[in-house]
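# Topology and contacts: notes
Chain by chain, the residues:
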Amino acid sequence: VNRDILSLAREAGFDKLESEDIEDVLASHTEEFTNEDLQQLTEHSPVEDNYDEEEPQRTLTSKRLAEVFNLFQQAMQILIDDDPNRE
């Protein structure tokens, strides 16, 4: 599954991504956040500017990447579970 996620991520343009990065993100989903962790996340979240910009600045945060990898993992599990040639 990790190889498939890595392959998909590289196809999407994440050329510097390594399998260890994926393992770290997937492992982080098994850990529960403490109140201190959640507080740190909110403190480090980007602050919105009150002035208008022509193009909004887009950032790909580690939290958003973790969400993407979780979705990849779910999709891969569906494909594995429903594969008619699994055996």
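Residues numbered from 1 in each chain as written. Predicted model: local features only at pLDDT ≥ 70, side-chain atom pairs only at ≥ 80, totals over all residues. Heavy atoms only, no water.

The protein is annotated in an unreviewed UniProt entry as Putative Tigger transposable element-derived protein 1-like 262 from Homarus americanus.

Below, the discussion takes up the packing of helix H2 (residues 19–28) against helix H4 (residues 62–82). The description of two packed helices rests on the angle between their axes and on the distance between the axes. The N-to-C vectors of H2 and H4 enclose an angle of 90 degrees; their axes lie 10 Å apart at closest approach. On the basis of the axis angle, H2 is roughly perpendicular to H4. Listed contacts from H4 to Ile22, Val25 and Leu26 of H2 are Ala66, Phe69 and Gln73. Across the contact of H2 with H4, the residue classes break down as 5 nonpolar, 1 polar and no charged. (Axes fitted to C-alpha atoms, helices over the stretch in contact; angles between N-to-C directions. Helix = DSSP H or I, 4+ residues; strand = E, 2+ residues; numbered from the N terminus. Parallel < 35°, antiparallel > 145°, perpendicular 65-115°, else oblique. Contact = heavy atoms within 4.5 Å. Nonpolar A, V, L, I, M, F, W, Y, C, P; charged D, E, K, R; others polar.)

Counting residues in each nonpolar core, the largest one holds 9 residues, listed as Ile5, Leu6, Ala9, Leu17, Ile22, Val25, Leu26, Ala66 and Phe69. When contributions to this core are tallied by element, the ones reaching two or more residues are helix H1 (2–11), H2 and H4. Here Ile5 is in contact with Ile22, Leu26, Phe69, Phe72 and Gln73, once residues within four sequence places are set aside. (Core = buried A, V, L, I, M, F, W, Y, C linked by side-chain atoms within 4.5 Å. Buried < 20%, exposed > 50% of the residue type's maximum accessible area, 1.4 Å probe, protein only.)

Per-residue confidence for the protein gives a mean pLDDT of 80; residues scoring 70 or more make up 89%. Confidence, expressed as mean pLDDT per element, reaches its minimum in the protein at helix H3 (residues 35–43) with 79 and its maximum at H4 with 90. (pLDDT = per-residue confidence, 0-100.)

With that settled, the discussion passes to the environment of Ser28. One can find Ser28 in helix H2. Residues Ser28 and Ala66, spaced 38 residues apart in sequence, show a C-alpha to C-alpha distance of 8.6 Å.

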